[in-house]
Amino acid sequence: MKKFYVTTSIPYVNAKPHIGHALEFVQADALARYWREVASDTREVFFLTGSDENGSKNYKTAKEEGVTTEAFVARHRAAFQELLLLLNITNSDFISTTDRIRHWPTTQKIWRLLAEKGSIYKANYTGYYCVGCEAYILEKELVEGKCPIHRKAPEHLQEENYFFRLSNYTQDILQRIEQGELRIIPESRKKEIVNVLKEGLQDVSFSRPKDKLPWGVPVPDDPDHVMYVWCDALTNYLSGAGYTADKQRFLKFWPADVHVIGKDIVRFHAAIWPGMLLAAELQLPKTILVHGFVHTKGEKMSKSLGNVVDPKEMAEKYGTDALRYYLLREIPTTGDGDFTIGQFERRYEADLANDLGNLFSRVVAMTERYVDGTVPHAQGDPKLDTRKSWVAYHQHIQEFSFDKALEVVWAHISLCNRYVDEQKPWEKGNAEQRGVILFSLLESLRHHALMLRPFLPTTSAMMLERLGASNITSQDWGKLPQGTNVTKGAALFPRLSHQVHL
RNA sequence: CGCGGGGUAGAGCAGUCUGGCAGCUCGUCUGGCUCAUAACCAGAAGGUCGAGGGUUCAAAUCCCUCCCCCGCAACCA
């Protein structure tokens, strides 16, 4: 059986998860579910997510809060894991960069591989160090030569760092990206990174002295140094797949088919990461899927503006599937998107409650009223045949256009609503056609449910169950079992105005 | 001249490559229907396609100039 390995980036767990994290989780989950259960050639899926927990920021914040760093990161990690559950994310595994059993051996092995190849060397790093910040600040960040936060002139310091010879791999990376061996989606992001590569890559600092970065993975054979983020974090994609802990699994799933990431970390994934893999003589991931940022009313979300949308709150109030739907339908897969409560509620009412929910409701109600609540023995009307929808649907998902795949489903839902009005199954004169009409509509709903599996898993399962088709996964037209009972159940998406606000 | 994306109806977007009556979704208004979650269906109103100039029988689309917004600009995940 073919495999599919998809990852999210690992969020730095120094704060609560925000809606952007939710977007990334849901996109990756849609892909995982699609390849696991809907694609015409389903694959064995490995879906990895995790948490980035090292770095001085966590160490410092924990200290300020008077808790151990372990406790601090554990608490934040738990918030992310809670969100994964809440969003119904089907990750196969979860890797943390503080995992000494599964993660550290991988990072150290990769470090050693790069060192053996002569791709790691020691050199002096010079920069402006602010004692107040306990960190280097870039020259351009200085205001009148002073740290903008502490209003003190930084010290010009020099420290020993290990560096990775990324510059050596520029041409190789460029070639692989230009030829599509490493795909970057969308095209505009590819262009961006190709331009960067054409200007040439510089070597990157790969370590920090232990006193500057006390919370991290030790550099092999040098107790005075700790790995800087690149070798520590990017390698999660290897360690999580079992590079050192489960070699069978690793052999099966590497290379990654899709890394789902945000546009802020394209360079790291499209330049440093492939460079490291080339140096380690490992295969490169096949695709990097880059999503945009979630704005609200066109503005960045920020605490100071007080416009932050909490994914947990949204999922709890409106339901997991409704949130998943909005993120996958309203936010263009690879572009920036807007998240506002008003727009969210409009989408919920118009698409979920009125179009899908009401179609389900009226069709099942008519089945109960006119044909005893059982699926009629009849042929599917070719007018509603979903074959063309399926073709478009598969194509859009495989091109990562989740919004367009959902549009295809909704186009068919509209077609069904129109069909009901045209066929008028309630008129006495149409009694003989009722079998065909209702069978075709019920069968359409089964197809909608199947198509929605990657996106609205709970709703999809509920629809199939009520149609008596939980195990009928055929994408052919007319395969709904006849003579079985259908049940109406509660509204799939109750109208918001009717909701009791507690 | 740093690189890139964008400015089309009240909102969000497609159309620009390959010129040909300006389109989609939501919202608004009117009508129809009564199976349904006051849902559904039909129709209508609403746009100097950022500005100016050019090419053309014809420009949102091609060319030139300008204005505005937003990313990125390498160690800020």
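For clarity, every value in this text was computed on a predicted model and none was experimentally measured.

This part takes up the overall build of chain A. Scanning chain A from terminus to terminus reveals 17 helices and 14 strands. Projecting the C-alpha coordinates of chain A onto the three principal axes gives extents of approximately 90 × 50 × 40 Å. Residues classed as buried in chain A amount to 54% of the 502 residues present. Expressed as a percentage of contacts within chain A between residues at least 6 apart in sequence, the contacts between residues at least 24 apart total 76%. Surface summary for chain A: the accessible area is close to 22,500 Å², and the carbon and sulfur share equals 48%. Charge separation in chain A, taken as the distance between the mean sites of 62 positive and 63 negative side-chain charges, equals 2 Å.

Burial of strand S2 (residues 44–51) is extensive: 7 of the 8 residues sit out of reach of the surface. With 5 bridges joining them, strand S1 (residues 3–8) and S2 adopt parallel strand pairing. Across the sheet, residue threonine 7 finds its bridge partner in S2, namely leucine 48. What joins S1 to S2 is helix H1 (residues 19–38), and the crossover it makes is right-handed. Bridging between S2 and strand S3 (residues 93–96) involves 4 bridges; their strand directions are parallel. Note on S3: the bridge partner recorded for serine 51 is serine 96.

With that settled, consider unusual backbone geometry. Outside of glycine, negative phi angles account for most residues, and trans bonds account for most peptide bonds. For the bond running from isoleucine 185 to proline 186, omega is 5°, close enough to zero to count as cis. Mapped onto the elements, proline 186 comes out in the loop between strand S7 (183–185) and helix H6 (187–199). Even without glycine at this site, asparagine 88 takes up a positive phi of about 65°. The topology assignment puts asparagine 88 in the loop between helix H3 (69–86) and S3. Classification of asparagine 88 by relative accessible area gives partly exposed; the value is 27%. Positive phi is not limited to glycine here, since lysine 424 has a value of about 45°. On the secondary structure map, lysine 424 appears in the loop between helix H15 (402–423) and helix H16 (434–452). Judged by relative accessible area, lysine 424 falls into the partly exposed class, the value being 31%.

What follows covers the protein's contact with RNA strand B. Around RNA strand B, 45 residues are found, and the nearest of them are Asn195, Tyr228, Val229, Asn358 and Arg362. The sugar-phosphate backbone supplies 67% of the atoms of RNA strand B found within 4 Å of the protein. Aspartate 421 places a polar side-chain atom, nitrogen or oxygen, 2.9 Å from a sugar or linking oxygen of RNA strand B. With respect to RNA strand B, the backbone of leucine 492 contributes an N or O atom lying 3.3 Å from a base oxygen. Of all the elements in the fold, those that place two or more residues in the surface near RNA strand B are H6, helix H7 (229–234), helix H13 (341–370) and H15. It is H13 that contributes the most residues to the surface near RNA strand B, 13 residues altogether. For the surface near RNA strand B, the class distribution of residues is 19 nonpolar, 10 polar and 16 charged.

Note on placement: threonine 320 falls in helix H12 (residues 320–329). Those residues within four positions of threonine 320 in sequence are excluded, and the remaining contacts are Leu86, Leu87, Asn88 and Ala315.

Among the nonpolar cores identified, the biggest contains 95 residues, and Leu31, Phe339, Tyr393, Trp410 and Phe455 are the most heavily contacted of them. Here this core gets 12 residues from one element, more than from any other, and that element is H1. Leave out the neighbours within four places in its chain, and tryptophan 410 touches Tyr325, Arg329, Asp351, Leu352, Asp355, Leu356, Leu452 and Leu456.

With respect to the helices and strands, methionine 227 occurs in strand S10 (residues 225–227). By relative accessible area, which is 2% here, methionine 227 ends up buried. Between the alpha carbons of methionine 227 and glutamine 108 there is a distance of 9.1 Å; along the sequence they are 119 residues apart.

Take the pairing of strand S11 (residues 258–262) next. The element S11 is extensively covered by neighbouring structure, given that 5 of its 5 residues are classed as buried. Taking every second residue as pointing to the same face, both faces of S11 are buried, with Val258, Val260 and Gly262 on one and His259 and Ile261 on the other. In terms of strand pairing, S1 meets S11 through 3 bridges, oriented parallel. In the sheet register, threonine 8 faces S11, and the bridge partner there is valine 260. With 5 bridges joining them, S11 and strand S12 (residues 287–291) adopt parallel strand pairing. The residue bridging valine 258 from the neighbouring strand is threonine 287, located in S12. One crossover worth recording links S11 to the parallel S12 by way of helix H10 (residues 266–279), and it is right-handed.

A full pass over the atoms with the stated rule returns 31 salt bridges. Two residues, glutamate 160 and lysine 122, come together in a salt bridge whose shortest N-O distance is 3.7 Å. Within this pair, whereas glutamate 160 is found in strand S6 (residues 155–164), its partner lysine 122 is found in strand S4 (residues 120–130), the two being separated by 38 residues in sequence. A salt bridge links aspartate 385 to arginine 387, with the nearest nitrogen and oxygen atoms 3.7 Å apart. Since its relative accessible area comes to 25%, aspartate 385 is described here as partly exposed. For arginine 387, a relative accessible area of 56% translates into the label exposed.

Strand order across the open sheet formed by 6 strands is S3-S2-S1-S11-S12-S7, with parallel pairing between neighbours. Among the strands making up the open sheet, the edge pair consists of S3 and S7. Neighbour-to-neighbour, the strand axes of this sheet turn through a mean angle of 20°, independent of strand direction. Packing of H3 onto the sheet brings it into contact with S2 and S3, and relative to S3 it is tilted by some 165°. Each of S7 and S12 is contacted by H6, which is oriented at about 120° to S7, the strand it contacts most.

Thresholds, definitions, all that
- Residues numbered from 1 in each chain as written.
- Chains lettered and ligands numbered in written order.
- Predicted model: local features only at pLDDT ≥ 70, side-chain atom pairs only at ≥ 80, totals over all residues.
- Heavy atoms only, no water.
- Helix = DSSP H or I, 4+ residues; strand = E, 2+ residues; numbered from the N terminus.
- Buried < 20%, exposed > 50% of the residue type's maximum accessible area, 1.4 Å probe, protein only.
- Contact = heavy atoms within 4.5 Å.
- Areas by Shrake-Rupley, 256 points an atom, 1.4 Å probe, with all protein chains shown as cover.
- Lys, Arg positive; Asp, Glu negative; His and termini not counted.
- Charge placed at Lys NZ, Arg CZ, Asp CG, Glu CD.
- Pairing = 2+ DSSP bridges.
- Right-handed = clockwise from strand over helix to strand, strands pointing away.
- Near = heavy atom within 4 Å.
- Polar contact = N/O pair within 3.5 Å; in protein donor to acceptor, adjacent residues only side chain to side chain.
- Nonpolar A, V, L, I, M, F, W, Y, C, P; charged D, E, K, R; others polar.
- Core = buried A, V, L, I, M, F, W, Y, C linked by side-chain atoms within 4.5 Å.
- Salt bridge = Lys/Arg side-chain N within 4 Å of Asp/Glu carboxyl O.
- Axes fitted to C-alpha atoms, helices over the stretch in contact; angles between N-to-C directions.

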